[in-house]
Amino acid sequence: MDRQIKTLQDKNSYLDLRKQERVTLLEILDRALDKGVVISGDIVISVADVDLVYLGLKVLLSSVETMERLRGAPMAGAQEEPT
Amino acid sequence: MNTKEAKEGLIYLYCITDKVPKLKEIENLVDEPYFIYHQSLYASVNKVKESEFAEENLKRNLADLEWIKVKASIHEKAIEGVMKNTCVIPFKFATLFNTEDNLKAMLGAHLEEFKDILIKLEDKEEWGVKIYCNSENLKENLIQEDEQLLNIDKEINSSLPGKSYLLKKKKEELLNISVNKKFNEYGEVSFDRLRERSQEAGINKLLPKEVTERNDEMILNSAFLINKDKVGDFLNIVDDLRVKYTDKGLFFDCTGPWPPYNFCGLLKEKIHNG
């Protein structure tokens, strides 16, 4: 019984970690791809390419979501945020 | 710097500082970042492969999210590593130069601007606040509060199917207007309170549900530049707002400190120039 509970907790903390990773990735992409000093370096990525990234991000996030659903985890709801 | 090496591959610029960046202390980076010094500025850079970052290859890789995930994390980690010891001007993901000379020319061309920005950023931190709102919950609340909506609700119950259908549509319309009004109000009130404790503040574009993968909607995506000694006050205000809006179904996602991506000046200039 105890063991079962422990396993469940481990699984939840693993999922929290995945959620956290996902949130962090979103935060990083929202900044590093969209903001920061834009200078005409020798190679320039256009805005369209960044939109492409968001499209890709959608695919990635869905796959994480699907994984969570398969594991019977609750949908992403309120979670503790890093401060 | 090994000049022969500089000719092979591309130079990826992470950030600029006016103090020696402590790059050796950054852990877990696949490659070893180094710095290029020019006219009192230090550019923290890395050598990257043309097979990954040359124009066509870069475009292809940008469609590969796993690749972006890895590279964007390295980008962030490198800048955060430098940021531990001194203030930084972070550059956009994949700012690339063919040669060290090109990079130095860029540093020279913007020397005074970079120096000014670094002075401005001294002893400050960037924090981000994203606010989400569950519109379904909000709608429930609005119906209870709004007399006009309550009356329509009553009318719907006592009407024949045809009329009740039209009334339902009208109710939905009115609700959506009210919801948007509330979204704006909550976002504005929160933003105004938060900016009081910041040096500079900015509002960014809202990210759609497809990107956030949350059930609730983003109603504010904001960034703040805060004096280090005011960060505690700022976080207290975030907590105050959480309490204030706890029954409205708002969720505050507060993160930081970030490299000051949103407050390095040149960006605005670039936007205005189109």
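Here the structure is a predicted model, which is why all the values come from computation and not from measurement.

Conventions we followed
- Residues numbered from 1 in each chain as written.
- Chains lettered and ligands numbered in written order.
- Predicted model: local features only at pLDDT ≥ 70, side-chain atom pairs only at ≥ 80, totals over all residues.
- Helix = DSSP H or I, 4+ residues; strand = E, 2+ residues; numbered from the N terminus.
- Buried ≥ 20, exposed ≤ 12 C-beta atoms within 10 Å, placed from the backbone.
- Rg over C-alpha atoms; globule rule 2.2 N^0.38 Å.
- Contact = placed C-beta atoms within 7 Å.
- Pairing = 2+ DSSP bridges.
- Axes fitted to C-alpha atoms, helices over the stretch in contact; angles between N-to-C directions.
- Arc of directions from axis to C-beta.
- Domains from an automatic or database assignment.
- Nonpolar A, V, L, I, M, F, W, Y, C, P; charged D, E, K, R; others polar.
- Parallel < 35°, antiparallel > 145°, perpendicular 65-115°, else oblique.
- Left-handed = near helix turned anticlockwise from the far one by under 90°.

1. Describing the overall build of chain A
Okay, step 1: On a plain count of helices and strands, chain A comes out with two helices and zero strands.
Okay, step 2: Of all 83 residues assigned to chain A, the portion counted as buried reaches 23%.

2. Considering the overall build of chain B
Okay, step 1: A count of helices and strands for chain B gives twelve helices and nine strands.
Okay, step 2: Over its C-alpha trace chain B gives a radius of gyration of 24 Å, far above what one expects of a compact globule, namely 19 Å for 274 residues.
Okay, step 3: In chain B, the share of contacts with a sequence separation of at least 24, taken over all contacts with a separation of at least 6, comes to 76%.

3. Overview of the sheet that holds strand β6 (residues 124-133) of chain B
Where strands meet in a sheet, backbone hydrogen bonds hold them as pairs that are either parallel or antiparallel.
All names here are of chain B.
Okay, step 1: The four strands lie next to each other as β7-β8-β6-β9, forming an open sheet whose pairing is antiparallel. Pairing within the sheet leaves two strands with one partner each, and these edge strands are β7 (200-203) and β9 (250-258). Across the sheet, the mean angle from the axis of one strand to that of its neighbour is 20 degrees, orientation sign disregarded.
Okay, step 2: In terms of strand pairing, β7 meets strand β8 (residues 217-227) through four bridges, oriented antiparallel. Across the sheet, Glu200 pairs through a bridge with Leu225, a residue of β8.
Okay, step 3: Along the sheet face, helix α9 (residues 161-195) touches β6, β7, β8 and β9 and points at about 10 degrees away from the line of β8.
Okay, step 4: Here helix α11 (residues 231-244) sits on the sheet in contact with β6, β8 and β9, set at roughly 165 degrees to β9.

4. Looking at the environment of B:Gly128
Okay, step 1: Looking at the secondary structure, you find B:Gly128 in strand β6.
Okay, step 2: For B:Gly128, a count of 21 C-beta atoms within 10 Å puts it in the buried group.
Okay, step 3: In this structure, the C-alpha to C-alpha distance between B:Gly128 and B:Glu210, residues 82 residues apart in sequence, is 20 Å.
Okay, step 4: Sequence-distant contacts of B:Gly128, defined by excluding residues within four places in its chain, comprise A:Glu27, B:Ala223, B:Thr255, B:Gly256 and B:Trp258.

5. Details of helix α5 (residues 100-109) of chain B
Residue and element names in this part refer to chain B.
Okay, step 1: Along α5, the residues that are buried comprise Leu103, Met106 and Leu107. With its buried residues spanning 100 degrees around the axis, α5 presents them on a single face. The outward face of α5, more than 90 degrees from its buried face, is lined by the exposed residues Asp101, Gly108 and Ala109.
Okay, step 2: For α5, the elements touching its buried residues are β1 (10-17), β2 (34-38), β3 (41-48), β5 (96-97) and α6 (111-121).

6. Considerations on the domain arrangement of chain B
Residues and elements named next belong to chain B.
Okay, step 1: Along its sequence, chain B is carved into domain 1 (3-122) and domain 2 (126-263).
Okay, step 2: Domain 1 and domain 2 are separated by 37 Å when their C-alpha centres are compared.
Okay, step 3: Across the contact, seven residues belong to domain 1 and four residues belong to domain 2.
Okay, step 4: In terms of residue count, the dominant contributor to the side of domain 1 that touches domain 2 is helix α4 (residues 65-83) (three residues).
Okay, step 5: Tallied by class, the residues present in the side of domain 1 that touches domain 2 amount to six nonpolar, no polar and one charged.

7. Quick word on the packing of helix α8 (residues 147-157) of chain B against α9(B)
Residues and elements named next belong to chain B.
Okay, step 1: Look at α8 against α9: their axes get within 9 Å of each other, and the N-to-C directions meet at 160 degrees. Judged on the interaxial angle alone, α9 and α8 are roughly antiparallel. In terms of crossing hand, the pair formed by α8 and α9 is left-handed. When α8 is examined against α9, the residues Gln148, Leu149, Ile152, Glu155 and Ile156 are found in contact with a partner set consisting of Ser164, Leu167, Lys168, Lys170, Lys171, Leu174 and Leu175.
Okay, step 2: Looking at the contact of α8 with α9, its residues break down into six nonpolar, two polar and four charged.

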